[in-house]
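Examining the three-dimensional arrangement
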There are 2 protein chains.
Amino acid sequence: MSGPAVAVTGPVVPDQAPAAGGRDARLAIRAGRHRTHTSGLAPGHVQGNVVILPQALAAEFLLFCQRNPKPCPVLAVSEPGAPSLPSLGADLDIRTDVPRYRVWRDGVLVDEPVDLGRWWRDDLVTFVLGCSFSFEHALIAAGLPLRHVALGLNVAMYRTTVPTVAAGRFHGPLVVSMRPMKPADAIRAVLVTAQLPAVHGAPVHIGKPELLGIADLARPDFGDPVEVRDDELPVFWACGVTPQAVVMAARPEFCITHAPGHMLVTDLLERDLAAR
Amino acid sequence: MSGPAVAVTGPVVPDQAPAAGGRDARLAIRAGRHRTHTSGLAPGHVQGNVVILPQALAAEFLLFCQRNPKPCPVLAVSEPGAPSLPSLGADLDIRTDVPRYRVWRDGVLVDEPVDLGRWWRDDLVTFVLGCSFSFEHALIAAGLPLRHVALGLNVAMYRTTVPTVAAGRFHGPLVVSMRPMKPADAIRAVLVTAQLPAVHGAPVHIGKPELLGIADLARPDFGDPVEVRDDELPVFWACGVTPQAVVMAARPEFCITHAPGHMLVTDLLERDLAAR
């Protein structure tokens, strides 16, 4: 893979005219009127994880995503140095449209700015990856209750002993999120989320956490513990924390991500995600 | 529901010209050249469970099937008194085309003939229901191993404490079949079989047999016990034994079924079953 391959944003085009909700949210963020997390913002619009890398690392990271599509579903990749992502929103400017960023040097957090004015470089490539907000909305719409949502908790996430497929300097374990479900609901959840490969797709595992190297469900590595009752199975999905952990472990000389929970709101509609 | 509604065979029409394999198998059975079970006969062709009832009971049984589509997926229903099922095979004659039948009076087995010459009546309605052979072929084709098939055993089946939805005198517990699978294979099996509602569709349960009222997986009510290993989950599908058990429990004054394993071979192709 060479540089230009990374610059292709792919065939991800909204099926509809850009919806006002996503753009309104970005304009509010850009103007400093929205500074908190984006959960519940612009309902029905796809939100994304953001990873921004120098072009020298971008081809390798894109290859890592290609090899690990469940934890790393790529929604869009920018042209090098271009702050726009036209397939996600005509006016989108990645330098201003995320409520809070994290800037990393050699894997060390150096800043948490609300815009990238002083950090932008002409060699940066932006990756936007699908996030689980959208598939959780699809599960709830299908009548499948999610305990962590009902309790206002963060989803429980675990580092597994399952390795991702390495690409150059990017490698590390798969991180999964876990949602407890009654068995019949777990079956329906497989069917609902399999239709949504752009936001992690079908579960990667059901029922036997020890096979993933998870010793204690009550002690997640990230997020909040959530009870799994006797009549429930733990259902595990590949998690967008995976690429973030892999990028941090590679200690790139420079990297920008969104701050946790502070996602990029796009014009894509969740209802258009099926089988994308 | 009134009598005439039962006489409709529905829109199940082969997508292709009738395939020789299914007809060849029926001709061999009709001529007495094939007298054993039909497993492996006419590969790629859909086989069906057979229930033949007097017209006076047929409307109620069709309603039972409508209310319980997972255990009772109806492939075709004959006209009253007609031995033909043109949607399953142009030449099909239900009186001669099953290798062995069972004839029941008031719920008691009275004969196991190889044809229905002396038992046929002008008020009989034939129901053909999808069977698990087809979804097992789809699972194997998808690379998902089935232990009972590899070991040459019958699948393990269990009477559950889950009630079917009653219709008139037809009621009783759901019977399920169980196949042990590694968790990732169980997820793929959900996706493969959900495409095949005409042959029981997606599993009804995964992982917690006690929630179905199954006390001991090692002691199935029908079929052979099959080991479930520590790294596997038991995956449960609705089973075609359900309608047979329900019909027997209703003790109809007269009823004919296929003998176990001696199914009706149709012209329908398994590859045409997806989402039928």
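Everything discussed here concerns the structure shown above.
All of the points below concern the structure found in this document. Because the structure is predicted, anything quoted here is derived from the model rather than measured.

1. A closer look at the interface of chain A and chain B
- On the side of chain B, 18 residues touch chain A, which itself brings 18 residues to the contact.
- In total, about 1400 Å² of surface goes out of reach between chain A and chain B, with carbon and sulfur atoms giving 79% of it.
- If you sort the residues of chain A by the area they bury against chain B, Ile-187, Ile-206 and Lys-208 of chain A come out on top, with a joint share of 34%.
- The interface formed by chain A and chain B holds zero salt bridges in total.
- Counting every contact that joins chain A to chain B gives four residue pairs in polar contact (both at pLDDT 80 or more).
- The set of elements that each furnish at least two residues to the side of chain A that touches chain B consists of helix H6 (183-194) and strand S8 (205-206) of chain A.
- Among the elements that take part in the side of chain A that touches chain B, H6 of chain A stands out by supplying six residues, more than any other.

2. Comments concerning the pattern of salt bridges
- Enumeration over the complete set of coordinates arrives at 32 salt bridges over all chains.
- A salt bridge links Arg-102 of chain B to Glu-112 of chain B; the shortest N-O distance between them is 3.1 Å. Of this pair, Arg-102 of chain B sits in strand S3 (residues 101-105) while Glu-112 of chain B is found in the loop between strand S4 (108-111) and strand S5 (124-130), placing the two residues ten residues apart along the sequence.
- Judged by relative accessible area, which is 24%, Arg-102 of chain B ranks as partly exposed.
- Judged by relative accessible area, Glu-112 of chain B falls into the partly exposed class, the value being 34%.
- Three or more residues are tied together by salt bridges with common partners; here these are Arg-23, Arg-26, Arg-30, Asp-91, Asp-97 and Asp-267 of chain A.

3. Examining the sheet that holds strand S8 (residues 205-206) of chain B
Residues and elements named next belong to chain B.
- Here four strands make up an open sheet; going across it, the order is S6-S7-S9-S8 and the pairing antiparallel. Since the sheet does not close on itself, it has two edges, and those belong to strand S6 (156-163) and S8, each with one partner.
- As paired strands, S6 and strand S7 (residues 173-181) are joined by five bridges and run antiparallel to one another. In the sheet register, Tyr-158 faces S7, and the bridge partner there is Val-176.

4. Some points on the sheet that holds strand S9 (residues 233-238) of chain A
Residues and elements named next belong to chain A.
- Pairing in this open sheet of four strands is antiparallel, and the strands run S6-S7-S9-S8 from one edge to the other. Of all strands in the sheet, those with a lone pairing partner are strand S6 (156-163) and S8, marking the two edges.
- Where strand S7 (residues 173-181) and S9 come together, six bridges link them in antiparallel fashion. When the sheet's bridge partners are listed, Val-176 is paired in S9 with Ala-238.

5. Brief notes about the relation of the copies chain A and chain B
- Once chain A has been moved 0.0 Å along the axis and rotated by 180 degrees, it coincides with chain B to within an RMSD of 0.0 Å. The two molecules are tied by a two-fold rotation axis, judged by turn and shift. It is Leu-191 of chain A whose C-alpha, among those of chain A, lies nearest the rotation axis, at 3.2 Å.
- When the interface residues of chain A are mapped onto chain B, 100% of them again lie at the interface, so the same face is used by both copies.

Conventions and cut-offs
- Residues numbered from 1 in each chain as written.
- Chains lettered and ligands numbered in written order.
- Predicted model: local features only at pLDDT ≥ 70, side-chain atom pairs only at ≥ 80, totals over all residues.
- Heavy atoms only, no water.
- Contact = heavy atoms within 4.5 Å.
- Buried area = accessible area lost by both parts, 1.4 Å probe.
- Salt bridge = Lys/Arg side-chain N within 4 Å of Asp/Glu carboxyl O.
- Polar contact = N/O pair within 3.5 Å; in protein donor to acceptor, adjacent residues only side chain to side chain.
- Helix = DSSP H or I, 4+ residues; strand = E, 2+ residues; numbered from the N terminus.
- Buried < 20%, exposed > 50% of the residue type's maximum accessible area, 1.4 Å probe, protein only.
- Pairing = 2+ DSSP bridges.
- Least-squares fit on C-alpha atoms with pLDDT ≥ 70 in both.

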